[in-house]
Amino acid sequence: GGGAGAGGGARMPACGVGALAGASGPAEPCLHLPAGVLDAPKRWPFVKEWVGSAKSPRPAAWVVSATRYQKGEAIERIAMTQESGKPVKPATVCNHIFTAVTAGWPMQLQAVAEMMPAPTQTEWEAMERAEAALGLDIQTAEKYTKTDVLAVFLAAAVKPFTDRTEEDNALLGPWMDRLAWYETFRRAGIEPTFGPAAKRMRT
């Protein structure tokens, strides 16, 4: 059926692709996030803090976003007020924050989970099986194709980009977000734990 947009003051669900699609039923265990900062036990070796030439290096975009976020700026504000003058999507800023985690920066991820819900345990296990089935090691691989991982269990990801329907893209988008969480924890050597979904109805 037609998807109702996440308009108004709607809060994102605690976790899971199904929740985003309006699925109901018993809440699945979610990826547990600490209330404070998350400290990665290891630094992913391929993270670059500086870009540009040796003569005129500049901080990578993720460094700028993550520094602003650490100082308490909201993700939406960081997305809207870029040095270039051109806004970016909040999801881009979320991915910058994920990169900071893999670089060993202590980061608070609760606000990221509000924008980009974390995976359920079932979703995590599906990505784990897919990684194993491909003989891939996301922790040590500098690059890999995200749709290859999703294609192991998601028909929409098998199709070439030009053949995907709106429905396919609506399904793939949230799964790309789940894979971003999975990739971050794997690269940073963080062992996932799962627990009840956070209740967001009360403060």
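The numbering scheme is per chain: residues are counted from 1 as the chain's sequence reads. Reporting of local features is limited, given that this is a predicted model, to residues whose pLDDT is at least 70; pairs of side-chain atoms are given and counted only at 80 or more, and all residues count toward the totals for whole chains, interfaces and linings. Remark: hydrogens and water are excluded; side-chain values derive from all non-hydrogen atoms of the structure.

### Things to note about the overall build of the chain
Then comes step 1: Helix and strand content of the chain: nine helices and six strands.
Then comes step 2: Classification of residues uses two cut-offs on accessible area relative to the type maximum, computed with a 1.4 Å probe and protein chains only: under 20% is buried, over 50% is exposed, and between them is partly exposed. Evaluated residue by residue, the chain yields a buried proportion of 37% over its 203 residues.
Then comes step 3: Within the chain, counting contacts between residues at least 6 apart in sequence, those at least 24 apart form 69% of the total.
Then comes step 4: Surface summary for the chain: the accessible area is close to 11700 Å², and the carbon and sulfur share equals 56%. Secondary structure elements are defined from DSSP: runs of H or I of at least 4 residues count as helices, runs of E of at least 2 residues count as strands, and each element is numbered from the N terminus. Contacts: residue pairs with any heavy atoms within 4.5 Å of one another. The accessible surface values rely on the Shrake-Rupley method and a 1.4 Å probe; as for residues, cover is taken only from the protein chains in view.

### Points about the pattern of salt bridges
Then comes step 1: A carboxyl oxygen of Asp or Glu within 4 Å of a side-chain nitrogen of Lys or Arg is what we treat as a salt bridge. Tallying each qualifying case throughout the model produces eight salt bridges.
Then comes step 2: Among the salt bridges present, the one from Glu 73 reaches Arg 77, with a minimum N-O distance of 3.4 Å.
Then comes step 3: Here Glu 73 falls in the partly exposed class, since its relative accessible area comes to 25%.
Then comes step 4: The shortest N-O distance in the salt bridge between Lys 146 and Glu 183 comes to 3.3 Å. Highlighted residues: Lys 146 in helix 7 (residues 146–151) and Glu 183 in helix 9 (residues 166–187), separated in sequence by 37 residues.

### Quick word on the packing of aromatic side chains
Then comes step 1: Classification of ring pairs rests on two measures: the distance between centres of Phe, Tyr or Trp rings, Trp counted by its six-membered ring, which must be within 6.5 Å, and the angle between planes, read as stacked under 30 degrees, edge-to-face over 60 and tilted in between. The tally for this structure, following the rule as stated, stands at eight aromatic pairs.
Then comes step 2: Feature note: the residues Phe 98, Trp 124, Trp 181, Tyr 182, Phe 185 and Phe 194 constitute an aromatic cluster, connected by ring pairs.
Then comes step 3: Note that Arg 187 overlies the ring of Trp 44, its terminal NZ or CZ placed 3.8 Å from the centroid. Throughout this description, the term charge over a ring refers to an Arg CZ or Lys NZ atom that lies within 6 Å of the ring centre and within 35 degrees of the ring normal.

### Brief notes about the confidence of the model for the chain
Then comes step 1: Every residue carries a pLDDT, the predictor's confidence in it, which falls somewhere between 0 and 100. For the chain, per-residue confidence averages 85 on the pLDDT scale, and residues scoring 70 or more make up 85% of the total.
Then comes step 2: Taken as a whole, residues 1–13 scores under 50 in pLDDT and shows eleven contacts with residues more than four places along the chain or in a different chain.

### Considerations on the packing of helix 2 (residues 61–70) against helix 4 (residues 90–102)
Then comes step 1: Every axis in this analysis is a line fitted to C-alpha atoms, fitted for helices over the stretch in contact. Angles between the N-to-C directions lie between 0 and 180 degrees. Where helix 2 contacts helix 4, the two axes come as close as 8 Å, and the packing angle between them is 90°. When the axes of helix 2 and helix 4 are compared, the pair comes out roughly perpendicular. Contact residues: helix 2 offers Ala 61, Trp 62, Ser 65, Ala 66 and Tyr 69, while helix 4 offers Val 93, His 96, Ile 97, Thr 99 and Ala 100.
Then comes step 2: Residues are grouped as follows: Ala, Val, Leu, Ile, Met, Phe, Trp, Tyr, Cys and Pro are nonpolar; Asp, Glu, Lys and Arg are charged; all remaining types, including Gly, are polar. Of the residues that constitute the contact of helix 2 with helix 4, the class distribution is seven nonpolar, three polar and no charged. Working rule for angles: under 35 degrees goes down as roughly parallel, over 145 as roughly antiparallel, 65 to 115 as roughly perpendicular, anything else as oblique.

### Considerations on the packing of helix 4 against helix 9
Then comes step 1: As a packed pair, helix 4 and helix 9 sit with axes 8 Å apart at the nearest point and diverge in direction by 15°. Classified by the angle their axes make, helix 4 and helix 9 are roughly parallel. Relative to helix 9, helix 4 is oriented so that their crossing is right-handed. Only Ala 180, Trp 181, Thr 184 and Arg 187 of helix 9 make contact with helix 4, whose side of the interface consists of Asn 95, Phe 98, Val 101 and Thr 102. In a left-handed crossing the near helix is turned counterclockwise from the far helix by less than a right angle, and in a right-handed crossing that turn is clockwise.

### Details of the layout of surface pockets
Then comes step 1: Here a cavity denotes a set of grid points, spaced 1 Å apart and computed over the protein atoms alone, in which a 1.4 Å probe fits but from which it cannot get out, and a pocket denotes an open set meeting protein on both sides within 12 Å along at least five of seven lines; residues with an atom within 4 Å of a point are reported as lining. Grid points are joined across faces, edges and corners, and a volume is the space filled by probe spheres set on the points. Roughly 360 Å³ of volume is contained in the second largest pocket.
Then comes step 2: Listed by contribution, the elements that provide at least two residues to the lining of the second largest pocket are helix 4 and helix 9.
Then comes step 3: Ranked by the residues each element gives to the lining of the second largest pocket, the list is headed by helix 9, at six residues.
Then comes step 4: Partitioned by chemical class, the residues of the lining of the second largest pocket number six nonpolar, four polar and seven charged.

### A few points about the side chain of Ser 65
Then comes step 1: When you line up the elements, Ser 65 lands in helix 2.
Then comes step 2: Contacts of Ser 65, omitting those with residues within four sequence positions, involve Ile 78, Val 93 and His 96.

### So, helix 4
Then comes step 1: To estimate how far a helix should reach, multiply one less than its number of residues by 1.5 Å. When the terminal C-alpha atoms of helix 4 are compared, their 19 Å separation across 13 residues agrees well with the 18 Å that a helix rising 1.5 Å per residue should span.
Then comes step 2: Residues of helix 4 that are buried in the fold lie against helix 2, helix 3 (75–80), strand 5 (107–108), helix 5 (110–115) and helix 9.

### Quick look at the nonpolar core
Then comes step 1: If you look at the biggest cluster of nonpolar residues, it comprises 47 residues, and the most contacted ones within it are Trp 62, Met 107, Leu 109, Val 112, Trp 181 and Phe 185.
Then comes step 2: Listing elements by their share of this core, those giving two or more residues are helix 2, helix 3, helix 4, helix 5, helix 6 (121–133), helix 7, helix 8 (155–158) and helix 9.
Then comes step 3: Looking at which element gives the most residues to this core, the answer is helix 9, with seven residues.
Then comes step 4: Leaving out residues up to four positions away in the same chain, Trp 62 has contacts with Val 47, Lys 48, Glu 49, His 96, Thr 99, Ala 100, Ala 103 and Trp 105. The definition of a nonpolar core used throughout is a set of buried Ala, Val, Leu, Ile, Met, Phe, Trp, Tyr and Cys residues joined through side-chain atoms within 4.5 Å.

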